[in-house]
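Architecture and fold: a report
Here is how the chains run, residue by residue.
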Amino acid sequence: MVNHTSSHRYLTLVGLLGLFLSVHIGIFWTHYQDTQQIHASSASISTFSLASISFLSEADPDMALTAWEAYFTRIESWFPYLKILYEVGLLLASLRSMSGYIHIHHLRTQSKLPTSDKIQLQIRHLSLRLGVSQTAQLKIHPLVKEPMTIGFWKPIILFPVELLSGLNAEQLEAILLHELAHIKRADFLINQLQIFIEVLFFYHPAIWWISREIQLEREKCCDYIVRRVAGDPWVFAQTLTQLERFRQSLNPIFTMQATGKPSQLGIRIRRLFDPVPQ
């Protein structure tokens, strides 16, 4: 059984992300309704402001109106500049996201099937073991630096050319199980929601933290699925180590970063050997 702690934490984080979006949609809609009412009645300040001023006027009828008018006028004077800053940031975040989609589209359309059909048959067999209904294909591309899965209805598992030839049968099976676990869990769809929310709230550090934690817990959940199906955690631990070595061979400048602080690789490997609740 997949580790309950990671699964519950993942669902909680995704729920927080959805709640964050829902709350802001509600705030926007409420503000939009208030704005429509203000325009319709030609009011100068919002209903909330009038209620606040009325409350304070009971304490000081002579000065409350003037003080709150000055306060809201000062805040409203910042709105045009804040709006411009947000629109510029939103544009940059959207362009960054769009470049990612273009890159993924390029990988999807330009990737090629391996010469042997043996791997495709293996994917079908593993899909049946995991209960994955979609028909996944493995393709290779020289620009891919690590195994990844793109798409949901017609998923493609992308592999680096060099890595595919450097894995033994057990390591290849472990990686395929991991990628198929992403497909089974519909992680691609959740990731699209993440990207959408990250673009809208590019300025919010809470979104950065939640999104990063979702990515970490997502990998842990898939790791436990591999452990449950494959049975031997040592094989997948060795496979993760092999993947990390491959990444570092492509980006040697980042090697010190991996050893300079607690590595997520080490945490993932240690968790593979934790007792699995029944």
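No experiment lies behind these values; they were computed from the predicted model shown.

A few words now on the overall build of the protein chain. Regarding its fold elements, the protein chain presents 12 helices and three strands. Going through the 278 residues of the protein chain one by one, you find that 36% of them count as buried. Considering only contacts within the protein chain whose residues lie at least 6 apart along the sequence, 71% involve residues at least 24 apart. Per element, the accessible surface of the protein chain, about 17300 Å² overall, is 65% carbon and sulfur.

Tracing the sequence through the fold places Ile225 in helix 9 (residues 205-230). Ile225 sits in the buried class, given a relative accessible area of 5%. Distance in space between the C-alpha atoms of Ile225 and His182 is 9.7 Å, their sequence separation being 43 residues.

It is the contact of helix 7 (residues 169-184) with helix 9, at a shortest axis distance of 9 Å, that shows an interaxial angle of 125 degrees. Here helix 7 is positioned oblique relative to helix 9, judged by the angle of their axes. Two packed elements cross with a definite hand, and for helix 7 against helix 9 that hand is right-handed. Taken together, the residues of helix 9 that come into contact with helix 7 (itself represented by Ala174, Leu177, His178, Ala181 and His182) are Arg218, Glu219, Cys222, Asp223, Ile225, Val226, Val229 and Ala230. Class assignment for the residues of the contact of helix 7 with helix 9 results in eight nonpolar, two polar and three charged.

Attention now moves to unusual backbone geometry. Residues other than glycine predominantly adopt negative phi, and peptide bonds predominantly adopt the trans conformation. Phi is positive for Ala186, which is not a glycine, with a value near 60 degrees. Note that Ala186 resides in the loop between helix 7 and helix 8 (187-200).

Here we come to the packing of aromatic side chains. Overall, the coordinates contain six aromatic pairs when judged by the stated rule. Ring centres 4.7 Å apart and planes at 75 degrees place the aromatic pair Phe152 and Trp153 in the edge-to-face group. With a relative accessible area of 69%, Trp153 lands in the exposed category. With a centroid separation of 6.3 Å and 65 degrees between ring planes, the pair formed by Phe201 and Tyr203 is classed as edge-to-face. Aromatic rings pair up to connect Phe20, Tyr86, Phe201, Phe202 and Tyr203 into one cluster. One residue, Arg185, lies across the ring of Tyr10, its end atom 4.6 Å from the ring centre.

With that settled, consider the sheet that holds strand 1 (residues 137-140). Spatially, the three strands line up as an open sheet ordered 1-3-2, and their pairing is mixed. A strand with exactly one partner marks an edge of an open sheet, and here the two such strands are strand 1 and strand 2 (148-150). Across this sheet, the average inter-strand angle for adjacent strands is 30 degrees, counted without regard to direction. Strand direction decides the pairing type here: strand 1 and strand 3 (residues 156-159), joined by four bridges, are parallel.

With that settled, the discussion passes to helix 4 (residues 79-110). Structural remark: α-helix, 3.6 residues per turn; residues separated by three or four positions point the same way. Compared with an ideal rise of 1.5 Å per residue, which puts 32 residues at 46 Å, helix 4 spans 46 Å between its outermost C-alpha atoms and is within 8% of the ideal. Among all positions in helix 4, only Gly89, Ala93, Ser97 and Leu107 are buried. Where helix 4 is buried, its residues contact strand 2, strand 3 and helix 8.

Now for the pairing of strand 3. Residues Ile156 and Leu158 of strand 3 are buried on one face, and the alternating residues Ile157 and Phe159, pointing to the opposite face, are buried as well. Note that strand 2 and strand 3 share three bridges and pair antiparallel. When the bridges of strand 3 are listed, Met148 appears paired with Leu158. Linking two consecutive strands that pair antiparallel, namely strand 2 and strand 3, is a turn of five residues; a positive phi of about 90 degrees is found at Gly151 within it.

Quick look at the pattern of salt bridges now. The full count for this structure, using the stated rule, is seven salt bridges. One salt bridge connects Glu217 with Arg9, and the closest N-O pair in it is separated by 2.9 Å. Taken together, the positions of Glu217 in helix 9 and Arg9 in helix 1 (residues 4-41) put the pair 208 residues apart, joining distant regions of the chain. A salt bridge links Glu87 to Lys83, with the shortest nitrogen-to-oxygen separation between them at 2.6 Å. With Glu87 and Lys83 both in helix 4, this residue pair falls four residues apart, about one helical turn. Under the relative-accessibility criterion, Glu87 is labelled partly exposed at 40%. Salt bridges sharing partners connect three or more residues here, namely Arg9, Glu213, Glu217 and Lys220.

Definitions and cut-offs
Residue numbers run consecutively from 1 along every chain, following the written order of its sequence. This being a predicted model, a pLDDT of at least 70 is required before a residue's local features are given, and a value of 80 or more before pairs of side-chain atoms are given or counted; all residues contribute to the totals for chains, interfaces and linings. Only heavy atoms go into the side-chain values, all of them from the structure, while hydrogens and water stay out. Think of it this way: any DSSP run of H or I at least four residues long counts as a helix, any run of E at least two long counts as a strand, and we number them from the N terminus. Partly exposed residues are those whose accessible area sits between 20% and 50% of the maximum for their type, while under 20% is buried and over 50% is exposed, using a 1.4 Å probe and protein chains only. For this analysis, residues touch if any pair of their heavy atoms sits within 4.5 Å. Per-residue and other accessible areas were derived by the Shrake-Rupley procedure at a 1.4 Å probe size, with only the shown protein chains allowed to occlude residues. With axes taken as lines fitted to C-alpha atoms, and helix axes fitted only over the stretch in contact, angles between N-to-C directions fall between 0 and 180 degrees. The cut-offs work like this: below 35 degrees is roughly parallel, past 145 is roughly antiparallel, 65 to 115 is roughly perpendicular, and the gaps in between are oblique. Note: crossing handedness is left-handed where the near helix turns anticlockwise from the far helix by less than a right angle, and right-handed where it turns clockwise. Residue classes follow a fixed rule: Ala, Val, Leu, Ile, Met, Phe, Trp, Tyr, Cys and Pro count as nonpolar, while Asp, Glu, Lys and Arg count as charged, and any other residue, Gly among them, counts as polar. We call Phe, Tyr and Trp rings a pair once their centres come within 6.5 Å, taking the six-membered ring for Trp, and we label the pair stacked below 30 degrees between planes, edge-to-face above 60, and tilted otherwise. A ring is considered to have a charge above it if a Lys NZ or an Arg CZ atom is located within 6 Å of its centre and within 35 degrees of its normal. Only strands that DSSP links by at least two bridges are regarded as paired with each other. In a helix, the anticipated span is given by 1.5 Å times the number of residues less one. Think of a salt bridge as a Lys or Arg side-chain nitrogen and an Asp or Glu carboxyl oxygen that are within 4 Å of each other.

Taken by themselves, the reported measurements are silent on function.
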